[in-house]
Amino acid sequence: MVAVGLKKVNILLRPLLFLSKSPSSLQRRPLLLSCKADFSKRTSSSLFLQCQFFCSSPGNMADATEAGKMVAARRAVDENIKKGQVVGIGSGSTIIFAVERIGERNKKEALNLTCIPTSFQARQLIQDHGLTLGSLETSPEIDVAIDGADEVDDNLYLIKGGGGCLMQEKIIASCAKSFFIIADTRKNSKVLGTSWKKGVPIEVLPMAYRPVQLKINQLLGGKAELRMASRKAGPVVTDNGNFILDWVFDGAQDWPAVERTIRDVPGVVETGLFLNMAAAAYFGTADGNVLVRTSKQ
Ligand SMILES: O=C(CO)[C@H](O)[C@H](O)COP(=O)(O)O
């Protein structure tokens, strides 16, 4: 207890343990992310302060990035997820923090959500956190979808698919009344291609990958590279049994035209360009701040 003026203040410490296998995160040195008064828990004799700590090693950029992802994810969940909703759950590393927060709130608030996954990973996350797994077959209309992104530009155009789940992610986003992006601040760019140098992911039918590669190179320049697996010989195979080409481009692009050109090539199943889909993007920084950018439309 700490005395402030005549009031007694309970410090409610809410350690947010970063669950990573990286050795640095296991050192668990807390870094204060934010500290705010919670007036909803105010009683006649006490005022609760909520302090968020992030377990980090000093100077470790990876941990700072994880802290940014976490604050963005928690804020997006708290602002947009409500009782009884059908919720689309994205894929990647940032969405892990969002599902953790949904699970945490579900325990306290009995949210009664139906969660629709965008990948095998999302399916497991939903089940691991005791949430109800649904499908588009039984819930074709989604209230809110939350997902990460590889880069977000000024128009809220996105590159997605760094984790190879772009096709189901796009379907889920397209079925959602509102689609929100969560990311650390590195993903916030004016122009796509500024920080994300791995290109635009394109899901292709395996039998067509060579002609698609050649056609995209002829039509758009740049280079469409077959994504190779890292712990298996051969290419990455998506949850849908397809391959991924990463179209590495140079300079600013007319993204709606690029999207049309790629989609028109037979054998292309989906692109990782998400244009005019996101309602807002939440970008978190290690100090606990979150920048929210909304769609201009
Ligand atoms: O599109 C995705 C997977 O297909 C991810 O959402 C995107 O790659 C961002 O991932 P992370 O949250 O790990 O940065």
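Residues numbered from 1 in each chain as written. Predicted model: local features only at pLDDT ≥ 70, side-chain atom pairs only at ≥ 80, totals over all residues. Heavy atoms only, no water.

## Observations regarding the site of the ligand
Selection rule: The near set for a molecule or strand comprises every residue that places at least one heavy atom within 4 Å of it. Polar contacts here mean pairs of N or O atoms no more than 3.5 Å apart (in protein, one a potential hydrogen donor and the other a potential acceptor; neighbouring residues in sequence count only if both atoms are side-chain atoms). In this description, accessible areas are obtained by the Shrake-Rupley approach with a 1.4 Å probe, and a residue is regarded as covered only by the protein chains that are shown. Gly is put with the polar residues, along with every residue not named as nonpolar or charged; the nonpolar set is Ala, Val, Leu, Ile, Met, Phe, Trp, Tyr, Cys and Pro, and the charged set is Asp, Glu, Lys and Arg.
Around the ligand sit 17 residues in total, of which Ser93, Thr94, Asp150, Gly161 and Lys187 are the nearest. In the model, an oxygen atom of the ligand is placed 2.4 Å from a nitrogen or oxygen of the Ser93 side chain. Here Gly164 contributes a backbone N or O atom positioned 3.4 Å from an oxygen atom of the ligand. With the chains in place, 91% of the 380 Å² that the ligand exposes on its own is no longer accessible. Among the residues making up the shell around the ligand, the classes are represented as three nonpolar, nine polar and five charged.

## Here's the deal with the packing of aromatic side chains
To keep things clear, this is the line we draw: Any two rings among Phe, Tyr and Trp, with Trp reduced to its six-membered ring, count as a pair given centres within 6.5 Å; such a pair is stacked if its planes are under 30 degrees apart, edge-to-face if over 60, and tilted if neither. In this scheme, Lys NZ or Arg CZ marks a charge over a ring once it lies within 6 Å of the ring centre and within 35 degrees of the ring normal.
On inspection of all chains with the given rule, the structure shows six aromatic pairs. An aromatic cluster of at least three residues, connected via ring pairs, comprises Trp247, Phe249 and Trp255. A cation sits over an aromatic face here: Lys170 above Phe274, 5.4 Å from the ring centre.

## A short note on unusual backbone geometry
What counts here: A run of H or I in DSSP counts as a helix once it spans at least four residues, and a run of E counts as a strand once it spans at least two, with each numbered from the N terminus. Relative accessibility thresholds used throughout: buried, under 20% of the residue-type maximum; exposed, over 50%; partly exposed, between the two (1.4 Å probe, protein chains only).
Positive phi values are uncommon outside glycine, yet Ala110 reaches one of about 45 degrees. Here Ala110 lies in the loop between helix 3 (94-109) and strand 6 (114-117). Since its relative accessible area comes to 55%, Ala110 is described here as exposed.

## As for the pairing of strand 8 (residues 142-147)
The criterion, for reference: The criterion for strand pairing is that DSSP finds at least two bridges linking the strands in question.
Counted residue by residue, strand 8 has five buried out of six residues, so it is predominantly covered. Bridge count for strand 5 (residues 86-89) against strand 8 is three bridges, and the pairing is parallel. Of the residues in strand 8, the one forming a bridge with Val87 is Val144. Judged from the five bridges that link them, strand 8 and strand 11 (residues 176-184) form a sheet pairing that is parallel. Residue pairing in the sheet places Asp147 in a bridge with Ile181 of strand 11.

Everything listed here is a matter of coordinates, which is why it stays silent on function.
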